[in-house]
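# Commentary on secondary and tertiary structure
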Amino acid sequence: MDQTAQPMSEAAIQFLSGPSAEKNIPIQKTEYFIGRHEQNDIVVFDLKVSRQHARIYYQDGSWSIENLSQNGSIFIEQQRVQQQKLQNNAVVHLSENTSFIFLIVQQPVAQTQVHLPSPPTTPLTTPLMTQVNPAIQPEAPDENEALHTFIAPKNLPGVPSLIISSNIHSNQQTHLLMKPVTNIGRTTEND
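What comes next is a walk through the structure. Throughout, a residue's number is its position along its own chain's written sequence, starting from 1. Given that this is a predicted model, residues contribute local features only at a pLDDT of at least 70 and side-chain atom pairs are listed and counted only at 80 or more, while totals for whole chains, interfaces and linings are drawn from all residues. For side-chain calculations, the full set of non-hydrogen atoms in the structure is used, while hydrogens and water are omitted.

## What about the side chain of Thr-98?
Rule in force here: Here a helix means four or more residues in a row that DSSP labels H or I, a strand means two or more in a row labelled E, and each is numbered from the N terminus. Each residue is placed in one exposure class: buried if its accessible area under a 1.4 Å probe, protein chains only, is under 20% of its type's maximum, exposed if it is over 50%, and partly exposed if it falls in between. What qualifies as a polar contact is a pair of N or O atoms within 3.5 Å, subject to a donor-acceptor requirement within protein and to the restriction that residues adjacent in sequence count only when both atoms come from side chains. Contacts were defined at the residue level, with two residues in contact if any of their heavy atoms lie within 4.5 Å.
Within the fold, Thr-98 resides in the loop between β10 (90–93) and β11 (99–104). Exposure remark for Thr-98: the relative accessible area of 0% places this residue in the buried category. In this structure the side chain of Thr-98 is engaged in a polar contact, spanning 2.6 Å, whose partner is the side chain of Asp-46. Leave out the neighbours within four places in its chain, and Thr-98 touches Phe-15, Ser-17, Gly-18, Pro-19, Val-44, Asp-46, Val-49, Val-92 and His-93.

## Some remarks on the pairing of strand β6 (residues 62–67)
The condition that has to hold: Each pair of strands is called paired provided DSSP finds at least two bridges between the two strands.
Summarising burial for β6: six of the six residues are buried, a large majority. With six bridges joining them, strand β5 (residues 54–59) and β6 adopt antiparallel strand pairing. Across the sheet, the residue bridging to Ala-54 is Asn-67, located in β6. Between β5 and the antiparallel strand that follows it, β6, lie two residues; Asp-60 among them carries a positive phi value of about 50 degrees. By the bridge criterion, three bridges tie β6 to strand β9 (residues 83–85) in an arrangement that is antiparallel. For Ser-64, the partnering residue across the bridge sits in β9 and is Lys-85.

## Overview of the packing of aromatic side chains
Note the threshold: Two aromatic rings, drawn from Phe, Tyr or Trp (for Trp, its six-membered ring), form a pair once their centres lie within 6.5 Å of each other, and the interplanar angle then sorts them: stacked below 30 degrees, edge-to-face above 60, tilted otherwise. Any Lys NZ or Arg CZ that is within 6 Å of a ring centre and within 35 degrees of that ring's normal is treated as a charge sitting over the ring.
Using the criterion set out here, one finds three aromatic pairs in the structure. Aromatic side chains Phe-15 and Phe-100 sit 5.7 Å apart centroid to centroid with 65 degrees between the ring planes, which places their arrangement in the edge-to-face category. Residue Phe-15 is located in strand β1 (residues 11–17), and its partner Phe-100 is located in strand β11; the two are separated by 85 residues in the primary sequence. There is no split in this pair, since Phe-15 and Phe-100 are both buried. An aromatic cluster is present here, built from Tyr-58, Trp-63 and Phe-102 joined pairwise through their rings. Directly above the ring of Tyr-32 sits Lys-29, whose terminal nitrogen or CZ lies 5.0 Å from the centroid. Above the plane of the ring of Tyr-57 lies Arg-55, whose end atom (NZ or CZ) is 3.9 Å from the centre.

## Points about the side chain of Ser-69
Mapped onto the secondary structure, Ser-69 falls in the loop between β6 and β7 (74–76). At 3.2 Å, the side chain of Ser-69 forms a polar contact with the backbone nitrogen of Asn-71. Non-local contacts of Ser-69, meaning those with residues more than four positions away in its chain, are made with Ser-50, Gln-52 and His-53.

## Quick notes on the pattern of salt bridges
The following threshold applies: Take a side-chain nitrogen of Lys or Arg and a carboxyl oxygen of Asp or Glu: if they are within 4 Å of each other, that pair is a salt bridge.
If you walk through the whole model with that rule in mind, you get four salt bridges. Here Glu-96 makes a salt bridge to Lys-48, at a shortest N to O gap of 3.1 Å. Separated by 48 residues along the polypeptide, Glu-96 in the loop between β10 and β11 and Lys-48 in the loop between β4 (42–43) and β5 bring together distant segments of the chain. Here Glu-66 ties to Arg-55 by a salt bridge, and the two come within 2.9 Å at their closest N and O atoms. You can see Glu-66 sitting in strand β6 and its partner Arg-55 sitting in strand β5, a full 11 residues away along the chain. Across the pair, Arg-55 and Glu-66 agree in class, each one buried.

## Quick look at the sheet that holds strand β2 (residues 24–27)
Filter applied, for reference: Lines fitted to the C-alpha atoms define the axes, with helices restricted to the stretch that makes contact. Angles between their N-to-C directions range from 0 to 180 degrees.
Taken together, the six strands give an open sheet; going across it, the order is β2-β1-β11-β10-β7-β8, and neighbouring strands pair in antiparallel fashion. Sheet topology places β2 and β8 (79–81) at the edges, where each strand pairs with a single neighbour. Strand-to-strand twist of the sheet, defined as the mean angle between neighbouring strand axes without regard to direction, takes the value 30 degrees. When β1 meets β11, the two strands line up antiparallel, connected through six bridges. Bridge assignment links Ala-12 to a residue of β11, and that residue is Leu-103.

## Notes on the pairing of β5
Burial runs high along β5: five of the six residues are buried. Here four bridges tie strand β3 (residues 31–35) to β5, and the two strands are oriented antiparallel to one another. The residue of β5 that forms the bridge with Glu-31 is Tyr-57.

Dropping the structure here:
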């Protein structure tokens, strides 16, 4: 089976414990062998790791690990495995002394030029937008609530927002984050 049919996603391992602790190793080939023997791609000087302990390989668009040792074992997220696909941030134990985290580097997205409108030059007060779920009957609004709430546009390109909801009411409030710092809290001094 051709292991390079699809573009290979970049990966790395970072040793968490053992003789190679804190060492980062970029994975740049479709297959890596790990073990104590010096002919392995990644040599681990731990007597509890077999001479040829494991194989990490890229196939069908994903990374996997395979246990090659008859006496040793591999644990991923505290589960013993013989062969398994590797997910980003998976913690792999080769022995009780040696472990690493498997990291998949996200491929950069092709850059496209997007022209965003300039933010307003005058500061806005914190605009709110309230959405009501029609399936849930909201409580009658407080008569003062309308004084502090007005509907803002749903999508204002280039302006970050924060949606606040409650676990007891169906209302959602969207706050456009127009200031460098937004204070959140119950008192009137907060935004």
